Amino acid sequence: MALQSDRQTPISEEKNDRLGGLKWNNWIFKEGIVNLYLLFLRHLMKLHGTAGYRFWPTPPSELTNPDHVSSTISTEFWKKAGESSFDLYPQIPPLLSTPRRRQLQTSENLSIKKTIFNFLSTEQSKFIIPLLVQLGITNIATPPPTIVKGLTKATTDEVSLLLVTPVYVRDLLRNPTRCKLLQDHWKKDPGTLMRNINRLLSFLLKDTSEDCLTGCSLLPLEGGSWGTFSPNPISQIQYFASSTPLERSILEVAAGRLVSEGLGGIVIDGLLEKGMNISPLTFDHIASLCPLVESKNPEYRKAWLVNVWEYFRQRVTKDPDSRDKYLESIESLPLYCGSVVGEQDSLRFLTPLSFASGSLPAIVDPRTPFLERGKATLFQALNGLILVDKSTFPTINTSAESVEQPSGACCLVKAIGTLPFTVPTIHSLSQVFSSVPMEGIKALSELVLPHISDLLGRDPTIVSTLKQLPIWPVASSSSFQSAAMLKLAPHTTLSLITMIDQTTFLKPDLAFKHREDLRKLGVQQLSYLDFLNEEVGLARGYLPAENIREYQRCIEMVYKENPDVFRSCDLAVDGDLRFCRPSTLYDSSVPLFQAAFRDQQRSRFLHPELAMSHVWRDLLIKNVSGPTYIKCARSIERRNSQTIPDSQIESDACTVFDHLCYDDREMHSWSEWKSLLEIRFAPIQETTASWDQSRLKNQQREIFRQRNKLVAISEAVDPRMEGISWAVKPVLRKQMGSLAFSMITSKKLMVRPTTVIEHLEFLASHCEEITQNELQIRIPEIKEAYEHLEQNMHTYTIQESALIWLNVENEDLGKMTREIFRNSWSCSRNLCLNSNYDSGEIKRVRSFLGRFHSLLLHANVSAIIPPDSPAPVTPTTQSPILEGLLELRERELLFDITITAHKPAMLFQTLQIFKAHKIVLASVSDYWKTMLTSTFKESSTPEISLQDDPSTIKVLLDYIYTNKFVEPPHEDDVTRQLENLLDQLEKSEKWFLPSFKRSMENYLSDDHWIRPETVKSILRNARTCNADRLAHVCEKYIQNNRAIVEREAPKEEYESQGYGFRIF
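The model shown is predicted, which means the values in this text are computed figures rather than measured ones.

The rules behind these values
- Residues numbered from 1 in each chain as written.
- Predicted model: local features only at pLDDT ≥ 70, side-chain atom pairs only at ≥ 80, totals over all residues.
- Heavy atoms only, no water.
- Pairing = 2+ DSSP bridges.
- Helix = DSSP H or I, 4+ residues; strand = E, 2+ residues; numbered from the N terminus.
- Axes fitted to C-alpha atoms, helices over the stretch in contact; angles between N-to-C directions.
- Buried < 20%, exposed > 50% of the residue type's maximum accessible area, 1.4 Å probe, protein only.
- Contact = heavy atoms within 4.5 Å.
- Polar contact = N/O pair within 3.5 Å; in protein donor to acceptor, adjacent residues only side chain to side chain.
- Parallel < 35°, antiparallel > 145°, perpendicular 65-115°, else oblique.
- Left-handed = near helix turned anticlockwise from the far one by under 90°.
- Nonpolar A, V, L, I, M, F, W, Y, C, P; charged D, E, K, R; others polar.
- Phe/Tyr/Trp six-rings, centres within 6.5 Å; stacked < 30°, edge-to-face > 60°.
- Lys NZ or Arg CZ within 6 Å of the ring centre and 35° of its normal.
- Disulfide = S-S within 2.5 Å.
- Salt bridge = Lys/Arg side-chain N within 4 Å of Asp/Glu carboxyl O.

K.L.:
How would you summarise the sheet that holds strand 8 (residues 336-340) if you had to cite specific residues and measurements?
P.N.:
Taken in spatial order, the 4 strands line up as 9-8-11-10 in an open sheet, and their pairing is mixed. The open sheet terminates on both sides in strands that have one partner only, identified here as strand 9 (347-350) and strand 10 (362-364). Averaged over neighbouring strand pairs, the angle between their axes works out to 35° when direction is ignored. Pairing between strand 8 and strand 9: 4 bridges, direction antiparallel.

And the structure:
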């Protein structure tokens, strides 16, 4: 080694190392000394075994005042020891070996990778190491604590020590073979079995992992078997641990799943904390254990149930708040046990739910040594009744279920009510009590009757049973009767009167005390009417005539005590002596009812002997309600429909109908208006000789009356609407009141638009029969008809051929004659709106009809769409030259050409002469320019003859000299004037006068000239003259008014001209 300057101390610090001796020394320490020492230890451990551990270096953490040399050597040694493959670790000695055997026994030491190190405490090693050896694990080394510290620090990620830990032991015991080997070994010494199990499980529970015992079959079970641990959430088998003898007696039914009694509480707590499939008994487990006990014999089941309810009592005592939860968890389990009355040695098991529901005849057994004799007799006689043993019933509920308490009495009633449905030999409750002695019946009455009010309010399902229980003492004897057989007198003083045999009256004091209970049980007090029927003998459909006076006295007594009964019972007697409801008879003092039911007085009115009594004053039908009036109307309809109606039918109908003519306040509440519309009871007007009634109108009235003098309101009209419908529908005899009229018309219109149209058609078709005197009446009616149609336009359509329009001027109304009236009727097809003239068959709409413009449009009356106005022509100013030439013309100076004009086709027309200047004509018109400057003879002659209309020549010459288009005034003969204007248009094209032609096009584009009968002619000439603007106006006019144009100018006439424009 490299030494310091003193030649004694090895170099161990950089400051003392000038020549690199420190590195050399460190190499000597780590690679030389350590490796040599490991070889030495290998030989030493082989010779001396565990005694050789004394020669192992001290770990760095255990060195006292370490220097560089000792620290370096120790650190490197333990590092290399952890990585060394040398056999440095002696195995533990075999079990049961003597010193002599140990000397003779040789075993190889183990390398670090083959060694299982035992770092356990001495106490744990004494138990765990022999257990491992028993399982065949022998490669275990137990080094001293110093060596343990060194090895623990020396291990790295590359070399880890295999240690004896709970995880290692658990993994070994997950092997079923080894686990079975251990179980068999422990069974050889039963006295230490549970001690060994507790020690092993305590050791294994030190493992912090969740599955520290999963897969190990180490759970000792009652009977000697073993359970396998698994996590609770996924376990299919649950094991139970008991802490008290009571719990064990309950759990013993779970054969093979009850943990051995010797398993320690600390171990159990540890297993529970780890979430293993072991659980102490809770009340929730009762539900899963109950099916296991059902296969046992009845006595065992009963004993087991006694333990369960004792356990329930203990649990509720500790945690009262969980009581309801516990009971709910077992409500559907057969945990009640009872005996059946009438069956020897029979036990019946039932669920709390069925017990509480009353579906089984079961009660808590009330029999005690101190029970009264009558009650004991009662319970012994109720065959089929299940008496639940109190020891198998929640003791905290026993007092509440006592038959002396309301809840127990309720349970008793339910049980009795189910006997006919659960006991095959019992078919009714009367059969149940047929074998019960009277003292038992009396005991039943004493048990139930004090709680009857509470029972009726507690459970509605037992009311029917309570009705049939014989618990009510009657007045006539000492017997008892059920509520179903009871009857109460209408008055207490009548309760002791002997009634018919089927009636049984309750004692008066009980009837008063329990009147509300009896009402709930359906026991009704006899009405006075029932009393009269049963006692007086009037229980029949009619009243003997000789008893009418006696009956009247009885009725007055009944009315005094209970007048309301008259509104719900048939206490009235009609003329036929039959009983009926007072509210179905009519007051005979009302004229309306007398008129409506004249032929049914015996069946519709009260008997005359009874009619004078004040009893009936407010009971008979007196007011006219909607349903009442409907019956009156139907009675009139019925009488009128007979083969030979009675002589008073029409006058009676008038009386009934007149009720609608007054606004009765009750009519506001009527809802029968729609039904009333269809009943044939309304009288219609008769023919009269009044000044305003024509023969035609009377004739229509007579026609309607011959059909039927009485009609439905829907078939007639009110007089206020007579003017627009009398020709089509009959008119009611009298005008209805405003309220009735508004209600009826809101349900159905009396006059529909179609009716008005038919009425107008009738007037038009019979206009010859209307006299001059009638006209001033009919005209306002016709106007009213149009107004009615205009108000309801959205509900109908009018045929174009319907002759309904009176097309006259307003000024003609005052002086209307029959001839004008007859000739002024038209249909929609022959009328035209927006027109100021008549055209052939089409007539313009005159002022009388003009006010109904929207109605006419709804009736498809055509409306002329006027032609579009062309753009105005910009006026031209006259130049000074034209003014001078015009002056020369007016003074007839310097003329150099004469124009003669005559149109041969125009007869009786004289030749006209026009003077002009050639230069003017040639400068304005290319036509004249060509004529006067060419080689034609006209260029050299002073006179030119034209075969044209002289008026046209004059207009054109005036325009040439003035450059102004003068619009001619409208003449009466539109056709002749239009022909002249079209001739001017044609000549302006010929003379090449475009400005004149444009002005003439604008002038002719007016609705005065463009009419349905002229538009095609104008269009034809416009196309001939290339007047495109005028032609466009005409085409659009034809398109907008096609139907009218086609009627006035048929398409064949236009198509034959050969022009390309077609109109269809």
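Now that the structure is up, let's keep going.
K.L.:
If you had to explain the environment of Y786 to someone new, which residues and values would you point to?
P.N.:
Considering the arrangement of structural elements, one finds Y786 in helix 34 (residues 775-791). Of the residues examined, Y786 reaches a relative accessible area of 0% and is grouped as buried. In this structure Y786 touches L760, I804, W805, L806, W825, F848, L849, F852 and L855, once residues within four positions along its chain are discounted. Within the structure, the side chain of Y786 is placed 2.8 Å from the backbone nitrogen of L806, a separation counted as a polar contact.

K.L.:
Account for the packing of helix 41 (residues 950-962) against helix 42 (residues 974-990), with residues named and values stated.
P.N.:
The relative placement of two packed helices is expressed as an angle between their axes plus a distance between the axes. One way to put it is that helix 41 packs onto helix 42 with a least axis distance of 10 Å and a crossing angle of 55°. On the basis of their axis angle, the class for helix 41 and helix 42 is oblique. Two packed elements cross with a definite hand, and for helix 41 against helix 42 that hand is right-handed. In contact with S951, T952, V955 and L956 of helix 41, helix 42 contributes N980, D983, Q984, K987 and S988.

K.L.:
Outline the packing of helix 11 (residues 286-293) against helix 12 (residues 298-318), listing residues and values.
P.N.:
One way to put it is that helix 11 packs onto helix 12 with a least axis distance of 11 Å and a crossing angle of 165°. In terms of orientation, helix 11 lies roughly antiparallel with respect to helix 12. The element helix 11 and its partner helix 12 pack so that their crossing is right-handed. Contacts from I286, L289, C290 and V293 in helix 11 reach Y300, R301, W304 and V308 in helix 12. Grouping the amino acids of the contact of helix 11 with helix 12 by side-chain chemistry returns 7 nonpolar, no polar and 1 charged.

K.L.:
Describe the packing of aromatic side chains, listing the residues and the values that go with them.
P.N.:
Under the counting rule described, the total for this entry stands at 37 aromatic pairs. For the ring pair F77 and W78, a centre distance of 5.2 Å and an interplane angle of 80° mean the geometry is edge-to-face. The two residues F77 and W78 agree in class, both being buried. With centroids separated by 5.5 Å and ring planes inclined at 90°, the aromatic side chains of F821 and W825 adopt a geometry described as edge-to-face. These aromatic residues form a ring-pair network of at least three members: Y37, F40, Y53, W56, F77, W78, Y89, F117 and F119. Over the ring of F349 we find R301; its NZ or CZ atom is 3.7 Å from the centre of that ring. Positioned above the aromatic ring of F512, the side-chain terminus of R515 is 4.4 Å from the ring centre.

K.L.:
Describe the state of the cysteines, with residues and values.
P.N.:
Inspection of every chain in the model, using the stated rule, returns 0 disulfides. Here C179 is not disulfide-linked; the sulfur of C216 is the nearest cysteine sulfur, at 6.3 Å. By relative accessible area, C179 is classed as buried at 3%. The closest cysteine sulfur to the non-disulfide-bonded C1025 is located on C1034, 12 Å from its own sulfur. Judged by its relative accessible area of 2%, C1025 falls in the buried class.

K.L.:
Explain the pattern of salt bridges residue by residue, including any values.
P.N.:
Applying the stated criterion across every chain, the model contains 42 salt bridges. One salt bridge in this structure joins E678 and K748, with 3.7 Å as the shortest N-O distance. You can see E678 sitting in the loop between helix 30 (673-676) and strand 18 (680-683) and its partner K748 sitting in the loop between helix 32 (738-747) and helix 33 (753-765), a full 70 residues away along the chain. What makes E678 partly exposed here is its relative accessible area of 45%. Owing to a relative accessible area of 28%, K748 belongs among the partly exposed residues under this scheme. In this structure, R680 engages E715 in a salt bridge whose closest nitrogen and oxygen atoms are separated by 2.5 Å. Of this pair, R680 sits in strand 18 while E715 is found in the loop between strand 19 (710-712) and helix 32, placing the two residues 35 residues apart along the sequence. Note on R680: relative accessible area 31%, which makes it partly exposed. Overlapping salt bridges bring together R170, D171, R174 and D207 as one network.

K.L.:
Describe the sheet that holds strand 23 (residues 843-844), naming the residues involved and giving the relevant values.
P.N.:
Pairing is parallel across the open sheet formed by 3 strands, whose spatial order is 23-22-24. Because the sheet does not close on itself, it has two edges, and the strands there are strand 23 and strand 24 (862-863). By the bridge criterion, 2 bridges tie strand 22 (residues 831-833) to strand 23 in an arrangement that is parallel. Note on strand 23: the bridge partner recorded for L831 is K843.

K.L.:
Explain the pairing of strand 25 (residues 897-901) to me, and be specific about the residues and the numbers.
P.N.:
Among the 5 residues in strand 25, 5 count as buried, and that is most of the element. Along strand 25, one buried face is formed by I897, I899 and A901 and the opposite face, lined by T898 and T900, is buried too. Direction of pairing for strand 25 relative to strand 26 (residues 912-916): antiparallel, over a ladder of 5 bridges. In the strand pairing of strand 26, I899 is matched with F914. With 4 bridges connecting them, strand 25 and strand 27 (residues 943-946) associate as parallel partners. Bridge pairing links A901 to L946 in strand 27.

On their own, these measurements won't tell you what the molecule is for.
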